[in-house]
Number of protein chains: 2
Amino acid sequence: MTYALNETHDPKLKSFVASANDGVTDFPIQNLPFCVFSRADIHDAFRGGVAIGDQILDLAALAKLHLLSGVAAQAVQACAEPTLNRFMGMGRESWSALRLALSRLLSEKNQHEGTLRACLVPQSEAEYALPARIGDYTDFYASVHHATNVGKLFRPDNPLLPNYKWVPIGYHGRASSVAVSGQKFHRPVGQVCGAGQTVPVVQASKRLDYELEMGIFIGTGNALGETITIDRAEDHVFGLCLLNDWSARDIQGWEYQPLGPFLAKNFATTISPWIITTEALAPYRSAFTRPADDPQPLPYLTSADNSAAGAIDITLEVFLETAQMRESSANAHRLSQGSLRDAAYWTVGQLVTHHTVNGCNMQPGDLLGTGTMSGPVEGSQGALLEITEGGKKAVALSNGETRTFLEDGDAVIMRASCVREGAARIGFGECRGQVLPARV
Amino acid sequence: MTYALNETHDPKLKSFVASANDGVTDFPIQNLPFCVFSRADIHDAFRGGVAIGDQILDLAALAKLHLLSGVAAQAVQACAEPTLNRFMGMGRESWSALRLALSRLLSEKNQHEGTLRACLVPQSEAEYALPARIGDYTDFYASVHHATNVGKLFRPDNPLLPNYKWVPIGYHGRASSVAVSGQKFHRPVGQVCGAGQTVPVVQASKRLDYELEMGIFIGTGNALGETITIDRAEDHVFGLCLLNDWSARDIQGWEYQPLGPFLAKNFATTISPWIITTEALAPYRSAFTRPADDPQPLPYLTSADNSAAGAIDITLEVFLETAQMRESSANAHRLSQGSLRDAAYWTVGQLVTHHTVNGCNMQPGDLLGTGTMSGPVEGSQGALLEITEGGKKAVALSNGETRTFLEDGDAVIMRASCVREGAARIGFGECRGQVLPARV
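1. Observations concerning the overall build of chain A
Looking only at helices and strands, chain A has 12 helices and 26 strands in total. What you see for chain A is a C-alpha radius of gyration of 21 Å, in line with the 22 Å of a compact globule of 440 residues. Taken along the three principal axes of its C-alpha coordinates, chain A extends 70 × 55 × 40 Å. Nonlocal contacts in chain A, meaning residues at least 24 apart in sequence, comprise 74% of its contacts between residues at least 6 apart. Of the accessible surface of chain A, which amounts to about 15400 Å², a share of 52% is contributed by carbon and sulfur atoms.

Structure below.
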């Protein structure tokens, strides 16, 4: 079930943290996303936090104050741990109770303001960790536009396979190499085999790319052998983040048949530190519809709630910051702007339900990627592979440089936000990663 | 480096546990494989154990006796934990030191025999758990015979793809649904689309299969961005087990393009409880050679040690026990017999090195599957898909039943052993799993 709007979504609500009220922050009091952080200066223990303006409310410090009661008190205790897995596994009632309590505590006229100010840590002084121990990471392929664009490059005669409009296509990814925003990684080395060649060579990837995705953190899981029905699917979703599925296209092209991507993807995956809860996203839901000529989803992927509000209006942006831009303090170049609603052919609930239709078990903290979120129009493609048509058309950057694929020193920055009449603007923070030269 | 033979491999060595000396047990004193177990009657804490004959040496109990010193003492303390991850991460020197200490303690004339007997638990009174928390599970495709047999069914015109003899093909699997021998799972439900059909249906799989594989447990890992060279690859391997990669062929056929197997495999994977250490396998190593017409492995996959001793002589067997056989106390029917050496086109070291050539990080307790180990001759195929040629030729079982794919109630039992002149016979124990009816 999607969440009903409640007092935590009220756009008139203000916080005693002034920076939360400026109308441009990603983190007004209506957002309240979760992270795991520590203080960068003293490297103290990692623990849960919630963003408010340019601050983090330290949930371990809050837990010690014993200001909360009941379910919310139990929930904040779980958030004091170095990963949010136990909190995620507590379920929707607990997440909601804590959100409501935090919304009230952080609101403008709170009697505990003085005490709570002592629990704030400036985001500028924080370092982040993965918000959960990720047991399994699954990547989907949920944008029909991306599937079509990529299909044209790999299989010009057969871009969209017959199963695409029936099956939410997914595959398992590597959990060990998922890291939080700020990740820097070496350009991967691997086997590549040029067109017309029959003997591969081992070299640093020359076609290194990013993929703009949303990450989906599973909250409560299911036992092996049980399924999560579409009506209940969103109850199992803790929240969403940004995800960059770095991809080495030349390694991918040679290795991916017949069992799918492997070393082309598992060298690094970057996610934003903040998980925007499903409840925070309630004001930005939309009807989920399909083109009239397309098959309707099979019954196990269909519910009234999913049709009425399965989609989410999230604006997605990707920026490229080259080494030269950093040196000259130039602004990063925006490579794309699109929206989750336009890009996604499957809803979050459908991904979860499909994943478990065979009895596969999900666990708290499992991560799903949506797959590259490319929209239907020029300028909304979520990967260089699509923007440059497989490297054939270079992109001209704002500072005069050009790119077909990523070069050493390039940083890719992803941002997302939700804006709707009658609701506060909320954002996802930043998902940033940088390419280092290959190791020799 | 492969291990040199030492006193622990001496075939004349006997244990004070008489059942270890009968010449037919899988677990003579030369084996000493590791598990995690508890007593089934009282459900006490899971902890590490080592097999000796029909007994388990309780390593948590042993640790309390303080009979060991130095590295071995630290190692046995780690084995008292509910998973072996920390022990696995200690590395080759620790594994070897503990093996030597255990070999001496369990030998025929040990002064502590009386004390040690109190640390023995009969295997018949044990229940097993996964020996490690599996962070990531990767499945390879390392038998060229399997790849060719399956390729013929899925792509008759193009059975073996051009990358096969260059790339150790692998993909990521699901860690959450890996369970230990004894696993019973419901027949998976999913989308299938018959030949000539354009609209899929959702139903219980009608083409449920097993896959005979070896599992490889990673000991010490590597940092993200670093590689494990072929010369050092085996130093990172803790040991081997049996692995059944249950597969729903009809679900696989519809979903696997373009990103590989997903729901067709992730509903269940079963491994044997015992990890046979790489050191225990030292007497059974063989030269690794390729057919003269095949390309030699690329330099990053080549080393003198790998060529001289990269292969391992392990006999592999699969048995089918139907519900009818159980009721009539008939023997299980042997479906296949083959060997790892004949089946594997890539060595264990090559799989590890390839996996990390791009900087992908491995962690202690990660699990690799070899892929289905089918040999070159009739009777050595490791899956019903191959034995029945895609379900076209039914197998006649010893009790008069027939099978094309697995039926409800069927149990699949895998066994493995190493036999060589001048060495003790060692075995892997049993990997057993059973199909329950689909949930409705």
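This is not the end of the story, as more comes after the structure.
2. Structural notes on the domain arrangement of chain A
All names here are of chain A. Domain annotation of chain A identifies domain 1 (7-129) and domain 2 (137-436). Summed over both partners, the interface of domain 1 with domain 2 comes to about 2300 Å²; 65% of that surface belongs to carbon and sulfur atoms. At the junction of domain 1 and domain 2, the tally comes to 2 salt bridges. Between Asp 235 and Arg 92 there is a salt bridge; the shortest N-O distance is 2.6 Å. The interface formed by domain 1 and domain 2 contains 12 residue pairs in polar contact (both at pLDDT 80 or more). Take the side of domain 1 that touches domain 2: its biggest share by element is 5 residues, from helix H3 (residues 85-90). For the side of domain 1 that touches domain 2, the per-class residue count stands at 16 nonpolar, 12 polar and 3 charged.

3. A short note on the interface of chain B and chain A
Where the parts come together, the accessible area they lose is often given as the size of the interface. Listed as interface residues are 58 residues of chain B and, on the opposing side, 57 residues of chain A. A per-residue breakdown of the area chain B buries against chain A is headed by Arg 174, Leu 259 and Phe 262 of chain B, which together make up 15% of the total. At the boundary of chain B with chain A, the tally comes to 5 salt bridges. With a closest N to O distance of 2.8 Å, Asp 366 of chain A and Arg 174 of chain B form a salt bridge. Across the contact surface, chain B and chain A share 29 residue pairs in polar contact (both at pLDDT 80 or more). Of all the secondary structure elements, the ones that give two or more residues to the side of chain B that touches chain A are strand S6 (137-140), strand S7 (170-173), strand S10 (189-192), helix H7 (249-255) and helix H11 (348-356) of chain B. Per-element tally for the side of chain B that touches chain A: the top contributor is S7 of chain B, with 4 residues. Taken together, the residues that form the side of chain B that touches chain A break down as 30 nonpolar, 21 polar and 7 charged.

4. Side note on the nonpolar core
Membership of the largest hydrophobic core comes to 170 residues, with the highest contact counts inside it found for Tyr 210, Ile 314 and Phe 428 of chain A together with Tyr 210, Ile 314 and Phe 428 of chain B. Core analysis: the second largest hydrophobic core is formed by 47 residues, Leu 57, Trp 95, Cys 241 and Ile 275 of chain A among them.

5. A few points about the packing of aromatic side chains
For the structure shown, the criterion picks out 24 aromatic pairs over all chains. Aromatic side chains Phe 185 of chain A and Phe 267 of chain A sit 5.6 Å apart centroid to centroid with 50° between the ring planes, which places their arrangement in the tilted category. Of this pair, Phe 185 of chain A sits in strand S9 (residues 183-186) while Phe 267 of chain A is found in the loop between helix H7 (249-255) and strand S16 (269-271), placing the two residues 82 residues apart along the sequence. With respect to class, Phe 185 of chain A is no different from Phe 267 of chain A; both count as buried. A centroid spacing of 5.1 Å and a plane angle of 45° characterise the contact between Phe 34 of chain B and Phe 87 of chain B, whose relative ring orientation is tilted. Of this pair, Phe 34 of chain B sits in strand S1 (residues 34-39) while Phe 87 of chain B sits in helix H3 (residues 85-90), placing them 53 residues apart in sequence. Among the aromatic residues, ring-to-ring pairing joins Phe 34, Phe 87, Trp 95 and Phe 238 of chain A into one connected group. Geometry around Phe 319 of chain A places Arg 415 of chain A over its ring, the cationic atom sitting 4.9 Å from the centre. The residue whose ring lies beneath Arg 92 of chain B is Tyr 3 of chain B, and the NZ or CZ to ring-centre distance is 3.9 Å.

6. A look at unusual backbone geometry
For the bond from Gln 257 of chain A to Pro 258 of chain A, the omega torsion is 0°, close enough to zero to count as cis. Tracing the chain through its elements places Pro 258 of chain A in the loop between H7 and S16. The backbone of Leu 32 of chain A sits at a positive phi, close to 55°, despite the residue not being glycine. Structurally, Leu 32 of chain A can be placed in the segment before strand S1 (34-39). Non-glycine residue Ser 329 of chain B carries a positive phi angle of around 55°. Inspection of the secondary structure puts Ser 329 of chain B in the loop between helix H9 (323-327) and strand S21 (333-339). On the basis of relative accessible area, Ser 329 of chain B is assigned to the exposed category, the value being 65%.

7. Quick notes on the relation of the copies chain B and chain A
In the superposition of chain B on chain A (RMSD 0.0 Å, axial shift 0.0 Å), the rotation amounts to 180°. When the rotation and shift are considered jointly, the pair of chain copies conforms to a two-fold rotation axis. Ranked by how close their C-alpha atoms come to the rotation axis, the residues of chain B are headed by Gly 260 of chain B, at 2.2 Å. A symmetric contact is evident, with 98% of the interface residues of chain B recurring at the interface of chain A.

8. Comments concerning the side chain of Asp 26 of chain A
Note that Asp 26 of chain A resides in the segment before S1. In contact with Asp 26 of chain A, other than residues within four places in its own chain, are Asn 31, Arg 425, Ile 426, Gly 427, Phe 428 and Gly 429 of chain A.

9. Remarks on the packing of helix H2 (residues 70-78) of chain A against helix H4 (residues 92-105) of chain A
All names here are of chain A. It is the contact of H2 with H4, at a shortest axis distance of 8 Å, that shows an interaxial angle of 95°. One way to sum up the angle between H2 and H4 is to call them roughly perpendicular. Residue-level contacts link Val 71, Ala 72, Ala 75 and Val 76 of H2 to Glu 93, Ser 94, Ala 97, Leu 98 and Ala 101 of H4. Looking at side-chain class alone, the contact of H2 with H4 contains 7 nonpolar, 1 polar and 1 charged residues.

10. Quick word on helix H6 (residues 144-154) of chain B
Residues and elements named next belong to chain B. Turning to H6, its buried residues are Val 144, His 146, Ala 147, Val 150 and Gly 151. Taken around the axis of H6, the buried residues stretch over an arc of 150°, which confines them to a single face. On the buried face of H6, the contacting elements are helix H10 (340-343) and helix H12 (384-387).

11. A few points about the pairing of S9 of chain A
Residue and element names in this part refer to chain A. Burial along S9 is one-sided: the face carrying Gln 183 and Phe 185 is buried and the face carrying Lys 184 and His 186 is not. Taken together, the 4 bridges between S9 and strand S26 (residues 426-436) define a ladder with parallel strand orientation. Bridge pairing in S26 links Lys 184 to Gln 434.

12. Here's the deal with the sheet that holds strand S5 (residues 126-129) of chain A
Residue and element names in this part refer to chain A. If you trace the 5 strands from one edge of the open sheet to the other, you get S4-S3-S2-S1-S5, paired in antiparallel fashion. On the outer flanks of this sheet lie strand S4 (120-122) and S5, each paired with one strand and no other. For this sheet the average axis-to-axis angle between neighbouring strands, irrespective of direction, equals 50°.

13. Quick look at H4 of chain A
For H4 of chain A, with 14 residues, the first-to-last C-alpha span of 20 Å sits near the 20 Å given by 1.5 Å per residue. Taken together, the buried positions of H4 of chain A are occupied by Ser 94, Trp 95, Leu 98, Arg 99, Ala 101, Leu 102, Ser 103 and Leu 105 of chain A.

14. With respect to the sheet that holds strand S25 (residues 411-418) of chain B
All names here are of chain B. With mixed pairing, the 5 strands of this open sheet are ordered in space as S9-S26-S25-S20-S21. If you trace the sheet from one side to the other, it starts and ends with strand S9 (183-186) and S21, each paired once. Along the sheet, successive strands turn relative to each other by an average axial angle of 20°, direction set aside. Alignment of strand S20 (residues 315-321) against S25, held across 7 bridges, turns out to be antiparallel. Bridge assignment links Leu 316 to a residue of S25, and that residue is Ala 416.

15. Side note on the side chain of Gln 55 of chain B
All names here are of chain B. Relative to the helices and strands, Gln 55 is located in strand S3 (residues 55-58). Under the relative-accessibility criterion, Gln 55 is labelled buried at 15%. Among the polar contacts listed, one links the side chain of Gln 55 to the side chain of Asp 54, at a separation of 3.0 Å. In this structure Gln 55 touches Val 17, Val 50, Leu 120, Val 121, Pro 122 and Gln 123, once residues within four positions along its chain are discounted.

16. A short note on the pattern of salt bridges
Residue and element names in this part refer to chain B. If you walk through the whole model with that rule in mind, you get 63 salt bridges over all chains. One salt bridge connects Asp 313 with Arg 420, and the closest N-O pair in it is separated by 2.6 Å. Of this pair, Asp 313 sits in the loop between strand S19 (311-312) and S20 while Arg 420 sits in the loop between S25 and strand S26 (426-436); the two residues are 107 residues apart in sequence, bridging distant segments of the chain. Here Arg 432 and Glu 321 are joined by a salt bridge, their closest N and O atoms 2.4 Å apart. With Arg 432 in strand S26 and Glu 321 in strand S20, this residue pair connects regions lying 111 residues apart in the sequence.

Criteria and thresholds
- By convention here, each chain's residues receive numbers from 1 onward along its written sequence.
- Throughout, the order in which chains and ligands are written sets their labels, letters from A for the former and numbers from 1 for the latter.
- Confidence filtering applies because this is a predicted model: local features only for residues at pLDDT of at least 70, side-chain atom pairs given and counted only at 80 or more, and all residues used for totals across whole chains, interfaces and linings.
- The basis for every side-chain value is the complete set of heavy atoms in the structure, and neither hydrogens nor water enter the calculation.
- Helix numbering and strand numbering both begin at the N terminus, where a helix is a DSSP run of H or I of at least 4 residues and a strand a DSSP run of E of at least 2.
- Each radius of gyration reported is based on C-alpha atoms, and the globular scaling rule is 2.2 Å times the count of residues to the power 0.38.
- Note on definitions: a residue-residue contact is assigned when non-hydrogen atoms from the two residues lie within 4.5 Å.
- Per-residue and other accessible areas were derived by the Shrake-Rupley procedure at a 1.4 Å probe size, with only the shown protein chains allowed to occlude residues.
- Where each domain starts and ends follows an automatic or database-derived domain assignment.
- Buried area: the accessible area, evaluated with a 1.4 Å probe, that two parts lose upon being put together, summed over both parts.
- Each reported salt bridge corresponds to a side-chain nitrogen of Lys or Arg within 4 Å of a carboxyl oxygen of Asp or Glu.
- N or O atoms closer than or at 3.5 Å make up a polar contact, with two conditions inside protein: a donor-capable atom paired with an acceptor-capable one, and, for residues adjacent in sequence, both atoms drawn from side chains.
- Here the term charged refers only to Asp, Glu, Lys and Arg, the term nonpolar to Ala, Val, Leu, Ile, Met, Phe, Trp, Tyr, Cys and Pro, and the term polar to all other amino acids, Gly among them.
- Put simply, buried Ala, Val, Leu, Ile, Met, Phe, Trp, Tyr and Cys residues joined by side-chain atoms within 4.5 Å make one nonpolar core.
- When a residue's accessible area, from a 1.4 Å probe over protein chains only, is under 20% of the maximum for its type it is buried; when over 50% it is exposed; and in between it is partly exposed.
- Only Phe, Tyr and Trp rings are paired, with Trp represented by its six-membered ring, and only when their centres lie within 6.5 Å; those with planes under 30 degrees apart are stacked, over 60 edge-to-face, the remainder tilted.
- Two conditions define a charge located above a ring, namely a distance within 6 Å from the ring centre to NZ of Lys or CZ of Arg, and an angle within 35 degrees of the ring normal.
- Copy-to-copy alignment: least squares on C-alpha atoms, limited to residues at pLDDT 70 or above in both.
- Fitted lines through C-alpha atoms give the axes, limited to the stretch in contact for helices. The angle between two N-to-C directions lies from 0 to 180 degrees.
- The cut-offs work like this: below 35 degrees is roughly parallel, past 145 is roughly antiparallel, 65 to 115 is roughly perpendicular, and the gaps in between are oblique.
- As used here, the arc belongs to the directions running from the helix axis to the C-beta atoms.
- Here a strand pair is declared whenever DSSP counts at least two bridges between the two strands.
- For a helix, the expected span equals 1.5 Å multiplied by the residue count minus one.

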